[in-house]
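Architecture and fold: a report
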Amino acid sequence: MNPFTLQNKTILITGASSGIGRSCSVECSKSGAHLILIARNEKELNKTVSLLEPGSKAETIIADITHYEELEDLIAEKVAVLGKVAGFIHCAGIEKTLPLKKHDSKLYNDIFAVNVISGFELAKILSLKKYKSETSSFVFISSVAGMGGEPGKTAYSASKGAVISGVRSIAVEFARSNIRVNSVSPAMVNTPILKKMFDDIGEEASREIIKKHPLGIGNPEDIANACIFLLSDAARWTTGSNLVVDGGYSVC
Ligand SMILES: NC(=O)c1ccc[n+]([C@@H]2O[C@H](COP(=O)([O-])OP(=O)(O)OC[C@H]3O[C@@H](n4cnc5c(N)ncnc54)[C@H](OP(=O)(O)O)[C@@H]3O)[C@@H](O)[C@H]2O)c1
């Protein structure tokens, strides 16, 4: 069998209403996965469902993932329909570019709640035997901002660094439960979060950032394909890694 296939695996994806999460949903459906898709915006989440491979099985959960204590019951309902979860992609994320003097505790808390804590809390739920298939693979979307410094990104880059280091610990802890855990670190990818950042920093700074990508700005499918590899049996000996998918950004 093709080791890269996700045929009949149930994959849960956060941030599925937009950008990278939407693309992961579409590409996973093309690979044969059943999907549990989570986001707050029902209209945009339904749009994602409409883009899936015809005949795909998909269930949606309209929820704010920072209310993670309410998610277990909702996930249990969807697992009863689609089967136990064999993969998880934590794509939901928020970004703010602001000088440190404009950072405050609310900003740190808001960013960490979505980018880090919700993902790790979901991993806790999905590691339970009642929801997990025999083997499973968890993928957390981090960022090159979690590996190198960028002005105005203290809270965001700290959250993405926390994802990379947290993933390593969870990978070691969950290996005995046959769960692999990895992160993916994109550079700039053409999605609404990027547009918002470019609006924040202005045209000239945006042009400078684009120039730093030898292969140009990425597309969401470039990240989705990396996630599919990590979810699939082709990556069965890969855990605790941070797969950098950045068009050459971090080697310049
Ligand atoms: N685009 C880039 O250049 C880039 C680069 C590096 C890393 N990343 C990372 O990639 C991930 C996806 O980014 P993107 O570009 O696809 O962003 P996006 O288009 O803005 O999508 C963000 C997603 O997160 C969801 N979300 C945010 N807060 C949520 C909450 N409280 N509860 C539930 N869902 C929530 C949003 O859904 P709702 O609003 O419907 O809830 C949306 O689906 C993020 O972690 C981002 O940091 C992006």
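Anyway, here's the lowdown on the structure attached to this text. From a predicted model like this one, the values you see are computed outputs, not experimental measurements.

1. Some remarks on the sheet that holds strand β1 (residues 10-14)
Read across the sheet, seven strands follow the order β3-β2-β1-β4-β5-β6-β7 without closing on themselves; strand pairing throughout is parallel. Of all the strands in the sheet, just β3 (58-62) and β7 (242-245) have a single pairing partner and so form its edges. Taking each pair of neighbouring strands and ignoring which way they run, the sheet shows an average axis angle of 20°. Note that β1 and strand β2 (residues 34-39) share five bridges and pair parallel. Among the inter-strand pairings, Ile-13 is bridged to a residue of β2, identified as Leu-37. Most of the contacts of helix α3 (residues 71-82) go to β3, to which it runs at about 175°, and overall it touches β1, β2, β3 and β4 (85-90). Of the strands in this sheet, β5 (132-141), β6 (179-186) and β7 touch helix α5 (residues 154-174), which is tilted by about 165° from β6.

2. Looking at the side chain of Thr-97
Locating Thr-97 in the fold gives a position in the loop between β4 and α4 (105-126). Overall, Thr-97 belongs to the buried group, its relative accessible area being 14%. Engagement of the side chain of Thr-97 in a polar contact is seen with the side chain of Lys-153, the distance being 3.5 Å. Discounting chain neighbours no more than four positions away, the residues touching Thr-97 are Pro-151, Gly-152, Lys-153, Met-197, Asp-200 and Ile-201.

3. What about helix α6 (residues 192-201)?
Restricting attention to buried positions, one finds in α6 the residues Leu-194, Met-197 and Phe-198. The buried residues of α6 all sit within an arc of 100° when viewed along its axis, so they share a single face. Facing away from the buried side of α6, by more than 90 degrees, are the exposed residues Lys-195 and Asp-199. Against the buried residues of α6 lie α7 (203-211). Positive backbone phi, approximately 90°, marks Gly-202, located one or two places after α6.

Scoring rules and cut-offs
Residues numbered from 1 in each chain as written. Predicted model: local features only at pLDDT ≥ 70, side-chain atom pairs only at ≥ 80, totals over all residues. Heavy atoms only, no water. Pairing = 2+ DSSP bridges. Helix = DSSP H or I, 4+ residues; strand = E, 2+ residues; numbered from the N terminus. Axes fitted to C-alpha atoms, helices over the stretch in contact; angles between N-to-C directions. Contact = heavy atoms within 4.5 Å. Buried < 20%, exposed > 50% of the residue type's maximum accessible area, 1.4 Å probe, protein only. Polar contact = N/O pair within 3.5 Å; in protein donor to acceptor, adjacent residues only side chain to side chain. Arc of directions from axis to C-beta.

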